[in-house]
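# Breakdown of the fold
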Amino acid sequence: MAIVEAKSISKIYGGKKGIEHKAIDHLSMNIEAGEFVGVMGPSGSGKTTLLNLLSTIDRLSAGFLTINGSDITKLSKEKLATFRRKEMGFIFQDFNLLDTLTIAENIMLPLTLDGRKVKEMETKLAHISNTLGIDGILRNRTYEVSGGQLQRAAIARAMIHEPSIIFADEPTGNLDSKSSKQVMEALTGLNTEQHATTLMVTHDPFAASFCERILFIKDGKIFNELHKGDQRQNFFQDILNVQSMLGGDTDDLQTIRL
Ligand SMILES: Nc1ncnc2c1ncn2[C@@H]1O[C@H](COP(=O)(O)OP(=O)(O)OP(=O)(O)O)[C@@H](O)[C@H]1O
């Protein structure tokens, strides 16, 4: 079953006085349940715009979009906010955890907002923090733990309410190579264990090599698509090859760390 079905979606910025800019241009794509898909492309190619459209943060200018079978273009603003909260999980480059809460309180926030029972929240918290190897920091505040631990806590928060899809925007962007590897292993581990459908935007070919499939975007259109074979190392090389064809982002070559 497709969790995301996007048909000929477009996003046009500007208009009126300014010049119109087609950030996403008649793009079609599907994400099947349980898939882990990466989105890559040069700066300005439309990756963030695509993520914002698929995650319903931004409205389409044209096209059709269903998420988990719901035609989200027909939902009101209020219904959309509820839909997002229940059906989606978000992971950001800068973690977006609240400093005033403990790590445990941060992780449980989606369940607290949903009015779940304390016992249920604690069971879910224990399970997910154990899977992610962060049970030792649950009572800490955000400023007392490392970046890699913060991102794993953010992953736990994004997944604790078992959403239909996780959107990750440069989840390794602020991490060193060791933490990036841990975070990507955590994401792929949960993808396998919980069949958590995941879409990740990244500049980082190392992080991307953990995905099953990569969509390369250029000028708001799909330029190329790569599938992982048996070997992550070969996939990594294929990703670098497409990146060099696309141009830009040459500094990403510095992130080679297989
Ligand atoms: N709110 C906006 N108003 C006008 N133009 C915008 C807006 N947001 C993005 N754009 C333009 O749309 C295009 C795509 O931007 P987008 O941020 O999606 O690219 P990106 O691939 O995520 O880039 P980066 O890798 O640098 O984050 C760019 O040309 C950008 O300048």
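Worth saying up front: this structure is predicted, and the values here are computed from it rather than measured. (Residues numbered from 1 in each chain as written. Predicted model: local features only at pLDDT ≥ 70, side-chain atom pairs only at ≥ 80, totals over all residues.)

## Observations regarding the overall build of the chain
Stated formally: Each helix corresponds to a stretch of at least 4 residues labelled H or I by DSSP, and each strand to a stretch of at least 2 residues labelled E; elements are numbered beginning at the N terminus. Atoms considered for the radius of gyration are the C-alpha atoms alone. The globule rule reads 2.2 Å times the number of residues to the power 0.38. Our exposure labels follow a C-beta count within 10 Å of each residue's own C-beta, placed from the backbone: buried means 20 or more other C-beta atoms, exposed means 12 or fewer, and partly exposed covers the counts in between. Any pair of residues counts as being in contact when their C-beta atoms, constructed from backbone geometry, are within 7 Å of one another.
Counting secondary structure elements, the chain contains eight helices and 10 strands. Relative to a compact globule of 258 residues, whose C-alpha radius of gyration would be 18 Å, the chain shows 18 Å and is just as compact. Here the C-alpha coordinates of the chain stretch approximately 50 × 45 × 35 Å along the principal axes. Each of the 258 residues in the chain was classed as buried or not, and the buried ones make up 39%. Within the chain, counting contacts between residues at least 6 apart in sequence, those at least 24 apart form 71% of the total.

## Focus: the site of the ligand
What counts, and what does not: Any residue whose C-beta atom, as set from the backbone, lies within 6 Å of a molecule or strand is reported as near that molecule or strand. Under the convention adopted here, Pro, Cys and the residues Ala, Val, Leu, Ile, Met, Phe, Trp and Tyr are nonpolar, Asp, Glu, Lys and Arg are charged, and Gly plus all remaining residues are polar.
As a structural note, the neighbourhood of the ligand is formed by Y13, G14, H21, A23, G41, S43, G44, S45, G46, K47, T48 and T49. Going through the elements one at a time, strand 2 (21-32) and helix 1 (47-54) are the ones with two or more residues in the shell around the ligand. Per-element accounting of the shell around the ligand gives the leading share, three residues, to helix 1. Of the residues assigned to the shell around the ligand, the class counts are two nonpolar, nine polar and one charged.

## Observations regarding helix 4 (residues 118-131)
Heads up, the rule is: What a helix is expected to span follows from its residue count: subtract one and scale by 1.5 Å. The arc refers to the directions leading from the helix axis to the C-beta atoms.
Its 14 residues place the ends of helix 4 20 Å apart at the C-alpha level, agreeing with the 20 Å of an ideal helix rising 1.5 Å per residue. Along helix 4, the residues classified as buried are K124, L125, I128 and S129. Each buried residue of helix 4 sits inside an arc of 120° when the element is viewed along its axis, so together they form one side. For helix 4, exposure combined with an orientation more than 90 degrees from the buried face picks out K119, T123, H127 and N130. Each element contacted by the buried residues of helix 4 is listed here: helix 3 (103-113) and helix 5 (147-159). Count one or two residues on from helix 4 and you reach G133, which has phi positive near 65°.

## What to know about the nonpolar core
This is how the line gets drawn: By definition, a nonpolar core groups buried Ala, Val, Leu, Ile, Met, Phe, Trp, Tyr and Cys residues that are joined through C-beta atoms within 7 Å.
One finds I155, A156 and M159 to be the most contacted residues of the largest nonpolar core, which totals 65 residues. Counting residues per element, this core draws most heavily on helix 5, at seven residues. Beyond its immediate chain neighbours, meaning those up to four positions away, M159 contacts G89, I128, I166, L190, Q194 and A196.

## Description of the packing of helix 5 against helix 6 (residues 177-194)
Axis angle and axis distance: for two packed helices, these are the angle between their axes and the distance between the axes, and together they describe the pair. We count it as follows: Between N-to-C directions, angles cover 0 to 180 degrees, with each direction set by a line fitted to C-alpha atoms, over the stretch in contact for helices. By definition in this entry, angles of less than 35 degrees are roughly parallel, angles greater than 145 are roughly antiparallel, angles of 65 to 115 are roughly perpendicular, and the rest are oblique. By convention the crossing between two helices is left-handed if the near helix lies anticlockwise of the far one by an angle smaller than a right angle, and right-handed if it lies clockwise.
Look at helix 5 against helix 6: their axes get within 9 Å of each other, and the N-to-C directions meet at 20°. On the basis of the axis angle, helix 5 is roughly parallel to helix 6. Crossing handedness for the pair helix 5 and helix 6: right-handed. Where helix 5 abuts helix 6, its residues G147, G148, Q151, R152, I155 and M159 lie against S179, Q182, V183, A186, L187, L190 and Q194. In terms of residue class, the contact of helix 5 with helix 6 is made up of six nonpolar, six polar and one charged.

## Observations concerning the packing of helix 3 against helix 5
Contact geometry for helix 3 and helix 5: axes closest at 6 Å, N-to-C directions at 30°. By the angle between their directions, the pair helix 3 and helix 5 is classed as roughly parallel. For the pair helix 3 and helix 5, the crossing hand works out as right-handed. Of the residues in helix 5, those in contact with I103, N106, I107, L109 and P110 of helix 3 are A153, A156 and R157. Per-class residue counts for the contact of helix 3 with helix 5 are six nonpolar, one polar and one charged.

## Description of the environment of S209
Along the chain, the position of S209 falls in the loop between helix 7 (205-208) and strand 9 (213-218). For S209, a count of 23 C-beta atoms within 10 Å translates into the label buried. In the structure, S209 is positioned 82 residues away from H127 in sequence and 27 Å away in space, judged by C-alpha atoms. Each residue touching S209, except ones within four places of it in the same chain, is listed here: R232, F235, F236 and I239.

## A short note on unusual backbone geometry
Leave glycine aside and you will find that most residues have negative phi; peptide bonds, for their part, are mostly trans. We note that T56 has phi near 65°; this positive angle belongs to a residue other than glycine. Mapped onto the secondary structure, T56 falls in the loop between helix 1 and strand 4 (62-67). Classification of T56 as buried rests on a count of 21 C-beta atoms within 10 Å. Here E170, not a glycine, exhibits a phi torsion of approximately 50°, which is positive.

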